[in-house]
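Chain and residue survey
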Protein chains: 2
Amino acid sequence: MISNSQIKIIKSLRQKKFRVLHNQFIAEGDKTIIELIKSNYKLCNLFSVNPKVGGVTNELTQITPIELKKISNLSNPKDSIAVFEIPQANIIDYSSVIIGLDNISDPGNLGTIIRLCDWFGIQDLICSLDTVDCYNPKVVQASMGSLSRVNISYINLESVIKNNKLPVYGTYMDGESVYKKALIEKGIILFGNEANGISLELSKCINHKISIPRFGDLQKTESLNVANTVAIVLSDNSRKSIER
Amino acid sequence: MISNSQIKIIKSLRQKKFRVLHNQFIAEGDKTIIELIKSNYKLCNLFSVNPKVGGVTNELTQITPIELKKISNLSNPKDSIAVFEIPQANIIDYSSVIIGLDNISDPGNLGTIIRLCDWFGIQDLICSLDTVDCYNPKVVQASMGSLSRVNISYINLESVIKNNKLPVYGTYMDGESVYKKALIEKGIILFGNEANGISLELSKCINHKISIPRFGDLQKTESLNVANTVAIVLSDNSRKSIER
């Protein structure tokens, strides 16, 4: 049984201002929830149609499928929905490769970029303050548990770049081919907004412009999706790391 | 001014059975529409809040923003919505690299895969009969005009593979590293369903299992998004083609 006030709070957590207010976020689906619990995320409440989910007892409230439908953010709700405390981001480790996102607005893109960072062993993902919130339910959903293994910080990218004298790489349509670029062992690789690319201010801070060569005969494709660009750049750099 | 029967037909084209019945599909946004017109797609009707779109006169009906909202599939409608005739797919060219999709269900994934094929010069994309329809409005939207530059065929993949004695590559979690694999110059590269991968039946037809190495310390990431997998495999193969 779930109370009306609980329903109200859970639904409010779809909005960033309430996530900030309560310092909480929601995750759906047993697999993601169990992964977050294992990764030491603090579980506040768990609502499930199952009597048992990942050994949780104290925080579990068993609910009906109708109640689940009321609180779920999905058109086809999974079995459970959990409320977690938003953890503090760890200190950024500037000694290895960092991915920087400038105003990424699509939650699905951010979610898959988090998965890519996890896959390719990128520990730190730094996001401009106007990038979509990583605790947005659609990002949590798309990141599929990888959220717990990547340290995500929202910061003023310009100040970070100016304060840390690191090499800064940016992806453009007209940079040096990513295939020819030497292995990147340290520094920030920046990716820009889906429609507008990297902002003018940040462009000024970039030391290395890189691009992904286009191979079609017609050469008319306008651009690649930003998550696909991250995939290609990270894969190509990882390839170089094992070729040495 | 748009008639009620026109509104009804346009809305019906969101569903595959009506697209098949009318042999028509819809596209939104001036940029995509103009690109499809230039690519010799047959324009049936164009509804726009603008008095002029890409030199179209005969097929243009000027409408109000309120009427546009009624027929648009987008939460923030663009200026125009067009009805095009569905073209016949061209004959598949088996002499170069072909991408095969087995039961891809997410329209956004198919749309970005079409963009990737266009970017990397893949002419033929062959899809299992249960893959999402490429004239689904969300696919048209996500493909951003690339739809007109990739030849997409819906066929029985098993028969095609058996009838054409081509090498067949499949992406798995446990195949040979894509980085070590020689350049693929001919054959079908298969990618499977978002949740279940390549079907058992098709798996039997595969000659080369390939995979993308995982680099994270924890090695816990379950999988990559299928569009990101396509991005990495195509990029890596293209890189090899210029390294020769």
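A quick note: this is a predicted structure, and the numbers were derived from the prediction, not measured.

Below, the discussion takes up the side chain of S211 of chain B. Residue and element names in this part refer to chain B. With respect to the helices and strands, the residue S211 is situated in strand β10 (residues 208-211). Under the relative-accessibility criterion, S211 is labelled buried at 8%. Reaching out from S211, the side chain makes a polar contact with the backbone oxygen of G175 at a distance of 3.1 Å. Leaving out residues up to four positions away in the same chain, S211 has contacts with Y172, M173, D174, G175, E176, S177 and V178.

Time to look at the pattern of salt bridges. Applying the stated criterion across every chain yields a total of 18 salt bridges over all chains. A salt bridge links R239 of chain B to D236 of chain A; its shortest N-O distance comes to 2.7 Å. You can see R239 of chain B sitting in helix α9 (residues 226-243) and its partner D236 of chain A sitting in helix α9 (residues 226-243), one on each of two chains. The burial state of R239 of chain B is the same as that of D236 of chain A; both residues are buried. Counted as one network, the salt bridges with shared partners bring together D236 and K240 of chain A together with R239 and E243 of chain B.

The subject of this paragraph is the relation of the copies chain B and chain A. With an RMSD of 0.0 Å, the operation that places chain B on chain A is a rotation of 180 degrees combined with a shift of 0.0 Å along the axis. What we have between these two chains is a two-fold relation. A shared binding surface is used by both copies, with 100% of the interface residues of chain B retained as interface residues in chain A.

Take the state of the cysteines next. Residue and element names in this part refer to chain B. Applying the stated rule across the entire model yields zero disulfides over all chains. Here C134 stays free of any disulfide, with the sulfur of C127 as its closest cysteine sulfur at 6.8 Å. Accessibility expressed as a relative area gives 2% for C134, which makes it buried.

Residue and element names in this part refer to chain B. With respect to burial, strand β1 (residues 24-28) is a largely interior element, five of its five residues being buried. Of the two faces of β1, the one lined by Q24, I26 and E28 and the one lined by F25 and A27 are each fully buried. Note: β1 against strand β4 (residues 80-85), five bridges, orientation antiparallel. Counterpart to A27 in the pairing with β4 is A82.

So, about the sheet that holds strand β3 (residues 60-62) of chain B. Residues and elements named next belong to chain B. Sheet architecture is open: four strands sit in the order β1-β4-β2-β3, paired in mixed fashion. Of all strands in the sheet, those with a lone pairing partner are β1 and β3, marking the two edges. Strand-to-strand, the axes of this sheet are offset by a mean angle of 15 degrees, without reference to chain direction. For strand β2 (residues 43-48) and β4, the ladder comprises five bridges, and the chain directions are antiparallel. Among the inter-strand pairings, L46 is bridged to a residue of β4, identified as A82. Across the sheet, helix α1 (residues 4-12) lies against β1, β2 and β4, angled at about 110 degrees from β2, the strand it touches most.

For the rest of this paragraph, the subject is the domain arrangement of chain A. Interfaces are often sized by the amount of accessible area the parts lose when they come together. Residue and element names in this part refer to chain A. One can read the domain layout of chain A as domain 1 (4-85) and domain 2 (97-243). A separation of 30 Å is found between the C-alpha centroids of domain 1 and domain 2. With 16 residues of domain 1 in contact, the opposing surface of domain 2 contributes eleven residues. One can count two salt bridges joining domain 1 with domain 2.

Taken together, the contacts link 35 residues of chain B with 35 residues of chain A. Of the roughly 3400 Å² buried between chain B and chain A on both sides combined, carbon and sulfur atoms contribute 59%. At the surface where chain B touches chain A, the tally comes to two salt bridges. The tally of links from chain B across to chain A stands at ten residue pairs in polar contact (both at pLDDT 80 or more).

It is worth spelling out helix α3 (residues 30-38) of chain B at this point. Residue and element names in this part refer to chain B. Those residues of α3 lying buried are T32, I33, E35 and L36. Projected onto a plane normal to the axis of α3, the buried residues spread over an arc of 165 degrees and lie on a single side. Exposed residues lying more than 90 degrees from the buried face of α3 are K31 and K38. Looking at the residues trailing α3, positive phi occurs at N40, about 70 degrees.

Attention shifts here to unusual backbone geometry. Residue and element names in this part refer to chain B. Within the chain, N103 stands out as a residue other than glycine whose phi angle is a positive 60 degrees. Mapped onto the elements, N103 comes out in the loop between β5 (97-101) and α5 (107-119). Of note, M144 is a non-glycine position whose phi angle comes to about 50 degrees, a positive value.

Our next topic: the nonpolar core. Counting residues in each nonpolar core, the largest one holds 102 residues, and the members touching the most others are L125 of chain A together with L125 of chain B. Beyond its immediate sequence surroundings of up to four residues, L125 of chain B is in contact with I99, L101, L110, I113, I114, C117, V150, N151, I152 and S153 of chain B.

For the rest of this paragraph, the subject is empty space enclosed by the protein. Residues and elements named next belong to chain B. Enumeration according to the criterion identifies three cavities of 30 Å³ or more in this entry. Lining the largest cavity are V178, K181, A182, I184, I210, V233, D236, N237 and K240. In terms of residue class, the lining of the largest cavity is built from five nonpolar, one polar and three charged.

Here is what the cut-offs are and how they apply
- Residues numbered from 1 in each chain as written.
- Chains lettered and ligands numbered in written order.
- Predicted model: local features only at pLDDT ≥ 70, side-chain atom pairs only at ≥ 80, totals over all residues.
- Heavy atoms only, no water.
- Helix = DSSP H or I, 4+ residues; strand = E, 2+ residues; numbered from the N terminus.
- Buried < 20%, exposed > 50% of the residue type's maximum accessible area, 1.4 Å probe, protein only.
- Polar contact = N/O pair within 3.5 Å; in protein donor to acceptor, adjacent residues only side chain to side chain.
- Contact = heavy atoms within 4.5 Å.
- Salt bridge = Lys/Arg side-chain N within 4 Å of Asp/Glu carboxyl O.
- Least-squares fit on C-alpha atoms with pLDDT ≥ 70 in both.
- Disulfide = S-S within 2.5 Å.
- Pairing = 2+ DSSP bridges.
- Axes fitted to C-alpha atoms, helices over the stretch in contact; angles between N-to-C directions.
- Domains from an automatic or database assignment.
- Buried area = accessible area lost by both parts, 1.4 Å probe.
- Arc of directions from axis to C-beta.
- Core = buried A, V, L, I, M, F, W, Y, C linked by side-chain atoms within 4.5 Å.
- 1 Å grid on protein atoms, 1.4 Å probe; cavity = no way out; pocket = protein on both sides within 12 Å on 5 of 7 lines; lining within 4 Å.
- Points joined across faces, edges and corners; volume = space filled by probe spheres on them.
- Nonpolar A, V, L, I, M, F, W, Y, C, P; charged D, E, K, R; others polar.

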